[in-house]
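Chain residues, written in single-letter form:
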Amino acid sequence: MMKRIAVIGLGTMGPGMAQRLAQGGLVVTAFDTDGAQIEKAKAMLPLITGVLDRLGITPKPGGALHFTTSLADAVKDADLVIENVPEKIEIKADVYRALEGLIASKTLVVSDTSGIPISKLQEHLSHPERFCGMHWSNPPHIIPMIEVISGAKTAPETAKAIVTLIEELGLLPVVVNKDVPGFVENRILYALLREAVDLVEEGVIAPEALDTCVSWGIGYKLSVIGPMALLDVAGLDIYHSVAGFLNQELSTRGDIAPFVTKRVAEKRLGLKTGGGVYAYTPERIKELGAERARKLVAVRRALEEKDRT
Ligand SMILES: NC(=O)C1=CN([C@@H]2O[C@H](COP(=O)(O)OP(=O)(O)OC[C@H]3O[C@@H](n4cnc5c(N)ncnc54)[C@H](O)[C@@H]3O)[C@@H](O)[C@H]2O)C=CC1
Ligand SMILES: Cc1ncc(C=O)c(C(=O)O)c1O
């Protein structure tokens, strides 16, 4: 049974994950190389605990969240280290190198990578058998599904221990059988995003209308009926007819659309820079954060209700 967890990297994903683990009864030590990120993470905690409270996730006894500016202190006596640093192999490899000599031989290490193959990351670890993918979805304190991915050198007991941990937290592990880039969640999401960007770029639809179409059409439906079940609902004959003319029309571009590269070059990255596809004031960002958390909580509660009946 795991007790002590180190969360390395406190950007978009780290704070929610760290608090969720602490409320699950674990002793969590959170570390970031940037002190400002640690302060930002601390400031986010009231919001995160408020959401967890509304989800009915009451803190289990023994859990705690500590912050530290020392990697050595963060990982001391850790049963598990969760690496949550930017999606760049060289940054992740530096973290794994820094862990050498700091962690015990029993310590497991996982990456929250969005899709770098685990076998590739394992090349940078001296104990690859104790390493696997643990891919959370954003926001990590609200979305219950977590992908577990083994690389070529992951020991079966490593992945099993992570699945057990996720289950003990009352979350939903999904085991991915092959270490393909993007795993499953992001292969599906990025197929959707590629088509969405293409439709907007081609002037087929405005961004706001596309969001309404997806959120109130397939998005709403897919949260209750998964894609495989949806094939049965629609009828495989219908899928066969439509796919017969539509598949060849869909975007297959292998590069990144100018719609995105242009904005990235201009540092229009989204909420974190005050604008991306849409523009935001600081007040609107706060409002949207609260409104979206409230709605995600309500939808999750409704879906859990469905699962019980
Ligand atoms: N943003 C998202 O929606 C999701 C991201 N992920 C994945 O999670 C990982 C982290 O993503 P984000 O939180 O979005 O990144 P982020 O860029 O928001 O945060 C990364 C944090 O890591 C810190 N950092 C950089 N180097 C470090 C080091 N050597 N030691 C400790 N901290 C260090 C940075 O200061 C920063 O606070 C990435 O692999 C990403 O692909 C996974 C699921 C969703
Ligand atoms: C755009 C995008 N990319 C990656 C991830 C997760 O790895 C997410 C998410 O979890 O929402 C995402 O939105």
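The rules behind each value
- Residues numbered from 1 in each chain as written.
- Chains lettered and ligands numbered in written order.
- Predicted model: local features only at pLDDT ≥ 70, side-chain atom pairs only at ≥ 80, totals over all residues.
- Heavy atoms only, no water.
- Near = heavy atom within 4 Å.
- Polar contact = N/O pair within 3.5 Å; in protein donor to acceptor, adjacent residues only side chain to side chain.
- Nonpolar A, V, L, I, M, F, W, Y, C, P; charged D, E, K, R; others polar.
- Buried < 20%, exposed > 50% of the residue type's maximum accessible area, 1.4 Å probe, protein only.
- Helix = DSSP H or I, 4+ residues; strand = E, 2+ residues; numbered from the N terminus.
- Pairing = 2+ DSSP bridges.
- Right-handed = clockwise from strand over helix to strand, strands pointing away.
- Areas by Shrake-Rupley, 256 points an atom, 1.4 Å probe, with all protein chains shown as cover.
- Contact = heavy atoms within 4.5 Å.
- Domains from an automatic or database assignment.
- Patch = residues over 30% accessible without salt bridge, like charges linked within 9 Å, V, L, I, M, F, W, Y side chains within 5 Å.
- Salt bridge = Lys/Arg side-chain N within 4 Å of Asp/Glu carboxyl O.
- Phe/Tyr/Trp six-rings, centres within 6.5 Å; stacked < 30°, edge-to-face > 60°.
- Lys NZ or Arg CZ within 6 Å of the ring centre and 35° of its normal.

(A) Summary view of the site of ligand 2. Taken together, the residues surrounding ligand 2 are S114, H135, S137, N138, N186, L189 and Y190. Note that an oxygen atom of ligand 2 is positioned 2.8 Å from one of the side-chain N or O atoms of N186. At a separation of 2.7 Å, a nitrogen atom of ligand 2 approaches a polar side-chain atom of Y190. Here the residues of the shell around ligand 2 are counted per class, giving two nonpolar, five polar and no charged.

(B) Structural context of the pairing of strand β5 (residues 108–111). Burial of the side chains of β5 extends over both faces: L108 and V110 are buried on one face and V109 and S111 on the other. Summarising the sheet, strand β4 (residues 80–83) and β5 pair through four bridges and their orientation is parallel. Bridge pairing links I82 to V110 in β5. Taking the sense of rotation as the criterion, the β-α-β connection linking β4, helix α4 (residues 89–99) and β5 turns out right-handed.

(C) Region of the structure containing the site of ligand 1. In the neighbourhood of ligand 1, 24 residues make up the surrounding shell, with D32, Q37, E87, K92 and S114 lying closest. In this structure, an oxygen atom belonging to ligand 1 sits 2.7 Å away from a side-chain N or O atom of K92. If ligand 1 stood free it would expose 830 Å²; the protein chains cover 78% of that surface. For the shell around ligand 1, the element with the most residues is α4, which contributes three residues. Of the residues assigned to the shell around ligand 1, the class counts are nine nonpolar, 10 polar and five charged.

(D) Region of interest: helix α1 (residues 14–23). Across the 10 residues of α1, 10 count as buried, placing the element largely inside the fold. Looking at α1, one finds that the buried residues are G14, P15, G16, M17, A18, Q19, R20, L21, A22 and Q23. At its buried positions, α1 is contacted by β1 (4–8), β2 (27–31), α2 (35–54), β3 (64–68) and β4. Of the residues flanking the end of α1, it is G25, one or two places downstream, whose phi is positive at about 95°.

(E) The arrangement of unusual backbone geometry in detail. In this structure, P139 follows N138 across a cis peptide bond, with omega equal to 0°. As for its position among the elements, P139 is in the loop between β6 (131–135) and β7 (145–149). Look at D77: it is not a glycine, yet its phi comes out positive at around 65°. In this fold, D77 is placed in the loop between α3 (71–75) and β4. Its identity is not glycine, yet K267 carries a phi of approximately 60°, on the positive side. On the secondary structure map, K267 appears in the loop between α11 (258–265) and α12 (282–308).

(F) Layout of the domain arrangement of the protein. Segmenting the protein into domains produces domain 1 (4–176) and domain 2 (186–278). Spacing between the C-alpha centres of domain 1 and domain 2 amounts to 29 Å.

(G) Region of interest: a nonpolar patch on the surface. A contiguous nonpolar surface patch, about 500 Å² in accessible area, is contributed by L189, Y190, L192, L193, I218 and L222. Of all the secondary structure elements, the ones that give two or more residues to the nonpolar patch are α7 (185–201) and α8 (207–222). When residues of the nonpolar patch are assigned to their parent elements, the largest contribution, four residues, is made by α7. Its place among the elements puts L193 in helix α7.

(H) Local environment of the packing of aromatic side chains. With the rule as written, the count across this model stands at two aromatic pairs. Aromatic side chains Y96 and F131 sit 5.3 Å apart centroid to centroid with 70° between the ring planes, which places their arrangement in the edge-to-face category. A residue pair is termed long-range when its members are at least 10 positions apart, and Y96 in helix α4 and F131 in strand β6 qualify at 35 residues. The exposure classification of Y96 matches that of F131, with both residues buried. A cation over a ring is seen here: R263 above F259, with NZ or CZ 3.9 Å from the ring centre.

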